[in-house]
Amino acid sequence: MIVAMSDIGSTPTCHEITVRKECFSGSSLQKAITIGFGWPSAAIAGVAGLVALAFAITGRRGPLALLLAAVAIVLGGLSVLIGNV
């Protein structure tokens, strides 16, 4: 997700370029919303991974790991959905 958000962030929208090259086919608002959901999704997924590791070691915080993973999945899904509409 981090690599995808970096790529989307550095790619201009198709309205901003005049020559044929790789571009983001949506509007600049759509791009901003996609990045706005994508970066937090990646960060929360990283935290969820660390909490899941702590759960595997200590046996505590299992529900928190599941909640963080669910939030990361929802935000990532929204990012992909909005980016492809």
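Residues numbered from 1 in each chain as written. Predicted model: local features only at pLDDT ≥ 70, side-chain atom pairs only at ≥ 80, totals over all residues. Heavy atoms only, no water.

Across its full length, the protein chain carries three helices and zero strands. Mapped in sequence order, the helices and strands of the protein chain form the string α-α-α. For 85 residues, the compact-globule formula gives about 12 Å, and the C-alpha radius of gyration of the protein chain, at 16 Å, lies well above that figure. With the C-alpha coordinates of the protein chain rotated into their principal frame, the extents come out at 55 × 20 × 15 Å. Scored against the burial criterion, the 85 residues of the protein chain give a buried share of 28%. (Helix = DSSP H or I, 4+ residues; strand = E, 2+ residues; numbered from the N terminus. Rg over C-alpha atoms; globule rule 2.2 N^0.38 Å. Buried < 20%, exposed > 50% of the residue type's maximum accessible area, 1.4 Å probe, protein only.)

Take helix α2 (residues 28–58) next. Along an α-helix, residues three or four apart share an orientation, since each turn contains 3.6 residues. Between its first and last C-alpha atoms α2 spans 45 Å; for 31 residues at 1.5 Å apiece the expected length is 45 Å, and the two agree. Turning to α2, its buried residues number three or more, namely Gln30, Lys31, Thr34, Ile35, Gly38, Ser41, Ala42, Ala48 and Val51. As for α2, its buried residues are in contact with α1 (2–10) and α3 (62–84). Positive phi appears at Gly59, one or two residues downstream of α2, with a value of about 80°. (Expected span 1.5 Å × (residues − 1). Contact = heavy atoms within 4.5 Å.)

On to the environment of Asp7. When you line up the elements, Asp7 lands in helix α1. As for Asp7 and Ile35, which are separated by 28 residues in sequence, their C-alpha atoms are 10 Å apart.

This paragraph deals with unusual backbone geometry. Positive phi, close to 70°, is recorded for Arg61, a residue that is not glycine. You can see Arg61 is positioned in the loop between α2 and α3.

Let us look at a nonpolar patch on the surface. A contiguous nonpolar patch, built from Val74, Leu78, Leu81 and Val85 and spanning about 390 Å² of accessible area, is present on the exposed surface. Within the secondary structure layout, Val85 lies in the segment after α3. (Patch = residues over 30% accessible without salt bridge, like charges linked within 9 Å, V, L, I, M, F, W, Y side chains within 5 Å. Areas by Shrake-Rupley, 256 points an atom, 1.4 Å probe, with all protein chains shown as cover. Salt bridge = Lys/Arg side-chain N within 4 Å of Asp/Glu carboxyl O.)

Bringing the confidence of the model for the protein chain into the picture now. With 98% of its residues at a pLDDT of 70 or more, the protein chain has an overall mean of 88. Put simply, α1 is where the protein chain has its lowest mean pLDDT, 81, and α3 is where it has its highest, 94. (pLDDT = per-residue confidence, 0-100.)

With that settled, the discussion passes to the packing of α2 against α3. To characterise two packed helices, one gives the angle between the axes of the helices and the distance between these axes. Two elements in contact, α2 and α3, have axes separated by 7 Å at closest approach and are oriented at 160°. Regarding the angle of α2 to α3, the classification is roughly antiparallel. The two elements α2 and α3 cross, and the hand of that crossing is left-handed. Grouping the constituent residues of the contact of α2 with α3 by class yields 19 nonpolar, nine polar and no charged. (Axes fitted to C-alpha atoms, helices over the stretch in contact; angles between N-to-C directions. Parallel < 35°, antiparallel > 145°, perpendicular 65-115°, else oblique. Left-handed = near helix turned anticlockwise from the far one by under 90°. Nonpolar A, V, L, I, M, F, W, Y, C, P; charged D, E, K, R; others polar.)

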